[in-house]
Amino acid sequence: MMLLTCFTTFALVGLLAAAPTSNNDDDLLITTEFFIKDFVKYQADHDIVQILVPLNSLNFNEDDSSSSESKESDTEIIIFFVEADVQPDGSYIDQGLYVLKEGKAKKLLDNGRDAAASGDSSRKVFFGAKDGLYVYNPATNSAEKYGTIIDSIIGIAKEKEGDVIYILTEGREVYKVSDNGEKKELLDDVVKAKQIVLDYENNLYFYGDDGKPYVRTTEGVKRVEGLPEVSGKVTLVKPPIFLENGVPYIASNKVYLLYANGTSQRTHMEFQHDGLPTAFAPETALIQYYAHDKKIYEYNILALLISTVLEDISDYLNQKANEIRTIASNHESLKRKIKT
Ligand SMILES: *[C@@H]1O[C@H](CO)[C@@H](O)[C@H](O)[C@H]1NC(C)=O
């Protein structure tokens, strides 16, 4: 069974979040204390501005649940990340795209800016760079040119299955790329996007200069409603696996969920200003990665349930213990990789 075929959409979200209620006691404020030394997975020399955890067979192979022979099952999760120097005006100076595999980081591209992977049984991971698209070669642990696109790319997103990739260019145009990277088609209804993210039903979320989010579905583009006026930085986050038709969105340090039907929901999570990560990777839900202060932190959600290291988070997670264990039992290959 494919990793992405059996989700229940209950309302755990984003980082470790939960469904909105009117009860403020359930709120979780993430402060810098959340970033503890024990969880540091990687220390960089620059800011970490993107993290990707591929949900496909590069990391998780749901077919091998009965055998312990699988090569993947006993190795660690492979992640990809992008380093940059963030300038006072918010722009980036590229410092390379890396793979982190078996504890070793290797730079794959000097000017790589974003990574995306399918959620199917392929092992493909794609990179957007200053000079076009690249694909990961797991055998040589390196990046190879993909297709004929030569645009300067700042963001990329991959449909769950098949070969369709969306690229956001430095000129802030979004293209749909297909035919093994040979064909590109301008999405003229996505105007001046600053960031793009796909959900697992291939709806595209984006925002422009005013930070207001939109969703593009098969029915066209619509504004996501129900959000307060935003000021300052906003972020779209790649959704955790159980969220099929929505993505997390952070504005004024508060976490919201945006849905493909154009509605939104406030969650219980909020970041203290200094506690806002510079990159988010909650994709697998059970093991999540966040970057802060030039470091990548790894959070093992099953371990946190029974740990006293971060009590606020454990208390919070324990309210969702049943849902978390349901995710774990629905995703055997994921659970096998996560040592508790
Ligand atoms: C929009 O979608 C969300 C998530 O699927 C759902 O919970 C909500 O009820 C929907 N709202 C409307 C008005 O259809």
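This section reports on the structure supplied with the text. What you see is a predicted model, and the numbers here were worked out from it, not measured in a lab.

1. Concerning the site of the ligand
Lining the immediate environment of the ligand, one finds Asn 245, Tyr 259, Asn 261 and Thr 263. The separation between an oxygen atom of the ligand and a polar side-chain atom of Asn 245 is 3.4 Å. Asn 261 is positioned with one of its side-chain polar atoms (N or O) 2.3 Å from an oxygen atom of the ligand. In isolation the ligand exposes 360 Å². Once the protein is present, 38% of that is buried. Residues of the shell around the ligand, tallied by class, amount to one nonpolar, three polar and no charged.

2. What about helix α3 (residues 321–330)?
Every buried residue of α3 is accounted for by Ala 321, Ile 324, Ile 327 and Ala 328. Down the axis of α3, the buried set is contained in an arc of 125°. They therefore lie on one face.

3. Brief notes about the environment of Tyr 256
Take Tyr 256: it is sitting in strand β21 (residues 254–259). Residues Tyr 256 and Glu 270, spaced 14 residues apart in sequence, show a C-alpha to C-alpha distance of 9.3 Å. Setting aside residues no more than four positions away along its own chain, Tyr 256 makes contact with Leu 227, Pro 228, Val 247, Pro 248, Tyr 249, Ala 251, Gln 265, Arg 266 and Thr 267.

4. Digging into the pattern of salt bridges
On inspection of all chains with the given rule, the structure shows 12 salt bridges. The salt bridge partner of Glu 170 is Arg 113, with a shortest N-O separation of 3.6 Å. Here the residue Glu 170 occupies a position in the loop between β12 (165–169) and β13 (173–178), and Arg 113 occupies one in strand β7 (residues 112–117), the gap between them amounting to 57 residues. According to the relative accessible area criterion, Arg 113 is buried, its value standing at 14%. In this structure, the salt-bridge partner of Glu 270 is Lys 254, at a minimum N-O distance of 3.9 Å. Of the two residues, Glu 270 is situated in strand β22 (residues 264–271) and Lys 254 in strand β21; the sequence distance between them amounts to 16 residues. Three or more residues are tied together by salt bridges with common partners; here these are Lys 41, Glu 76 and Glu 298.

5. Description of the sheet that holds strand β18 (residues 220–223)
Sheet strands pair via backbone hydrogen bonds, and the direction of the pair is either parallel or antiparallel. Strand order in the open sheet formed by four strands is β15-β16-β17-β18, with antiparallel pairing between adjacent strands. Taken across any chain shown, the strands that pair with only one partner, and hence form the sheet edges, are β15 (195–198) and β18. Looking at each pair of strands side by side, their axes are set apart by 25° on average, direction ignored. Sheet analysis places strand β16 (residues 204–207) next to strand β17 (residues 213–217), joined by four bridges and oriented antiparallel. Residue pairing for β17: Tyr 205 is matched across the bridge by Val 215.

Cut-offs and rules
- Residues numbered from 1 in each chain as written.
- Predicted model: local features only at pLDDT ≥ 70, side-chain atom pairs only at ≥ 80, totals over all residues.
- Heavy atoms only, no water.
- Near = heavy atom within 4 Å.
- Polar contact = N/O pair within 3.5 Å; in protein donor to acceptor, adjacent residues only side chain to side chain.
- Areas by Shrake-Rupley, 256 points an atom, 1.4 Å probe, with all protein chains shown as cover.
- Nonpolar A, V, L, I, M, F, W, Y, C, P; charged D, E, K, R; others polar.
- Buried < 20%, exposed > 50% of the residue type's maximum accessible area, 1.4 Å probe, protein only.
- Helix = DSSP H or I, 4+ residues; strand = E, 2+ residues; numbered from the N terminus.
- Arc of directions from axis to C-beta.
- Contact = heavy atoms within 4.5 Å.
- Salt bridge = Lys/Arg side-chain N within 4 Å of Asp/Glu carboxyl O.
- Pairing = 2+ DSSP bridges.
- Axes fitted to C-alpha atoms, helices over the stretch in contact; angles between N-to-C directions.

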